[in-house]
Amino acid sequence: MREIQEESVSTYRIDSPPPSHTSSPTSSPLPSSPLHPRHGIIQHQSDHTRPLHPRPFRVIIIGGSIAGLTLANCLAAAGIEYLVLEKHQSINAPLGGLIGIAPTGARILDQLGIYDAVKDIGQEITVLRTGFPDGSGFNQTWVAEFEKRYGYGISVTSRQQLLEVLYTALGPSASETVHLGKEVTNIHHEGSGVKVLTRDGMTYFGDLVAGADGVHSIARSEMLRMAGGSASNEESELSAEYRIHVGLSCPVPTITPGEQIVRCYDGFAVFALCGKDGILGWFITEKLDRRYQYPNRPNHTQNDAIKFCESLADVPVWGDVTFGAIWKARTSISHALVEENVFKTWNYGRICTFESYNVDPRNIDEPELRPRGKSSHGRRRCTRKQSSPTDIVQRKQALIATDPNGIPQAAP
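Residues numbered from 1 in each chain as written. Predicted model: local features only at pLDDT ≥ 70, side-chain atom pairs only at ≥ 80, totals over all residues. Heavy atoms only, no water.

A. A look at the overall build of the protein. Along the protein, the regular secondary structure elements total 10 helices and 29 strands. Expressed as a percentage of the 412 residues in the protein, the buried residues total 46%. In the protein, once contacts between residues fewer than 6 apart in sequence are set aside, the share between residues at least 24 apart is 66%. If you sum the accessible surface of the protein, you get close to 20,100 Å²; carbon and sulfur atoms cover 52% of it. (Helix = DSSP H or I, 4+ residues; strand = E, 2+ residues; numbered from the N terminus. Buried < 20%, exposed > 50% of the residue type's maximum accessible area, 1.4 Å probe, protein only. Contact = heavy atoms within 4.5 Å. Areas by Shrake-Rupley, 256 points an atom, 1.4 Å probe, with all protein chains shown as cover.)

B. How the structure looks around the confidence of the model for the protein. Here the protein averages 78 in pLDDT, and 73% of its residues register 70 or above. For the protein, per-element mean pLDDT is lowest for strand β2 (residues 25-30), which scores 32, and highest for helix α9 (residues 323-328), which scores 97. Here residues 356-412 scores under 50 on pLDDT; set against residues more than four positions off or in separate chains, the count is 122 contacts. (pLDDT = per-residue confidence, 0-100.)

C. Summary view of the environment of glycine 97. Within the fold, glycine 97 resides in the loop between β6 (81-86) and β7 (98-101). Glycine 97 gets classed as buried once you look at its relative accessible area, which sits at 7%. Distance in space between the C-alpha atoms of glycine 97 and tryptophan 282 is 6.9 Å, their sequence separation being 185 residues. Here glycine 97 is in contact with Thr157, Ser158, Arg159, Val246, Gly247 and Leu248, once residues within four sequence places are set aside.

D. Structural view of the sheet that holds β6. One open sheet holds the six strands; their spatial order is β12-β6-β5-β16-β25-β24, and the pairing between them is mixed. Edge positions in the sheet fall to β12 (178-180) and β24 (347-348), since each of these pairs with one other strand and no more. The pairing of β24 with strand β25 (residues 351-353) spans two bridges and is classified as antiparallel. The residue of β25 that forms the bridge with tyrosine 348 is isoleucine 351. Sitting on the sheet, helix α7 (residues 218-227) touches β5 (58-62), β16 (208-211), β24 and β25, and the angle it makes with β25 is about 130 degrees. (Pairing = 2+ DSSP bridges. Axes fitted to C-alpha atoms, helices over the stretch in contact; angles between N-to-C directions.)

E. Local environment of the packing of aromatic side chains. Across all of its chains, the model carries 10 aromatic pairs by this definition. Relative to phenylalanine 138, the ring of phenylalanine 132 lies with its centre 6.1 Å away and its plane at 35 degrees, an arrangement referred to as tilted. On the basis of relative accessibility, which here comes to 8%, the residue phenylalanine 132 falls in the buried class. A relative accessible area of 9% places phenylalanine 138 in the buried class. (Phe/Tyr/Trp six-rings, centres within 6.5 Å; stacked < 30°, edge-to-face > 60°.)

F. Quick peek at the pattern of salt bridges. In this structure the tally under the stated criterion is 12 salt bridges. Ionic pairing is found between glutamate 286 and arginine 243, a salt bridge with its closest N-O pair at 2.8 Å. Remark: arginine 243 occurs in strand β17 (residues 239-249) and glutamate 286 occurs in strand β20 (residues 280-293); sequence separation between them is 43 residues. For glutamate 286, a relative accessible area of 11% puts it in the buried group. Here glutamate 340 makes a salt bridge to arginine 291, at a shortest N to O gap of 3.9 Å. Taken together, the residues glutamate 340 in strand β23 (residues 330-340) and arginine 291 in strand β20 connect sequence positions 49 residues apart. Using a relative accessible area of 3% as the deciding quantity, one classes glutamate 340 as buried. Beyond isolated ion pairs, a larger network of salt bridges with shared partners links Glu241, Lys287, Arg291 and Glu340. (Salt bridge = Lys/Arg side-chain N within 4 Å of Asp/Glu carboxyl O.)

G. Examining the environment of isoleucine 154 more closely. Position of isoleucine 154 among the secondary structure elements: in the loop between α4 (145-150) and β11 (155-158). Looking at isoleucine 154, the relative accessible area reads 22%, which means it is partly exposed. Considered as a pair, isoleucine 154 and alanine 106 are 48 residues apart in the sequence and their alpha carbons are 8.5 Å apart. Setting aside residues up to four positions removed in sequence, isoleucine 154 forms contacts with Ile101, Ala102, Pro103, Gln123, Glu124, Ile125, Val143 and Phe146.

Laid out in structure tokens, this is it:
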């Protein structure tokens, strides 16, 4: 064990960036403590304790998500020390459904030497099917052009499998650098670094905190609290107009690997992606009765989600397949509010949060999209260009053809 000495601690306003720490340690050593030789973890010690000897620059990643583990692999490749704190007891907790990997993401995974492993567990999407309430629809196969143009196609894999690949890529040290069951409760700037506390009483020291812990991010909450001023009110601007239901199902006859189906209805839309071995990932976006503003949130339960999905049993998805067939073959289901906000503060002091992108659920039926702000996940929201009813009808007529059996087919 390395010795730990007490050091004088400078005081600073919590709403100001911490000053550089230049004070020298006192000469009175503290008793030995369970200090991790690599990560500077101190358990049951005073808040005024830090490792005696200099250590490498360290990034503390909050959240063992896809974003968090990808960052860990990036830091490992760059030779930068990192530590991941994940609140779940398993790295591949049974959450979510299938994950789509676009060429932009595939390129990063390839640079990290992970893409081949991801490709082995993934299924390339080869056809996009879009259906409308009136029974019309169209097929698109241009997705195959992605690999020709960018070197990578669009593929899908389960969230759990992708997390396993990302974790395994960290090598034998992953058991030391990825800590499970560590729910972060507080973050503080301290001297020239940052201190992170977890619910089980552990304290972790680092130089930078990267929040990859989802919409209700403790990293973002702590960052906004420290920033103060108008930033402290940003979370109160969260609103929700949609709910999403996510699930996985066993193979369903007539839906084949490589298909992506979007079926639009008034008030909801059904998405289905068929992965390797026919495993079906699906989600439903449901429009709520109104827009809810934080802290007012609809109190939907798992039973509410199940009842809603069961009410769609007779809804056609594609051809003769109804959602009831997908629902009966389900192996998992979860639900969440789609919370939105245009956050302005993404970093403060030694804390930063992540950014990713998605499409506003209000516009999934419109192919012409342009950016419009960011959602609460940091994801890019999109809005459609305003089109007249005549424009929309003409565009659909140019794309849609229906066969005698009423099954949507690609336009000739």
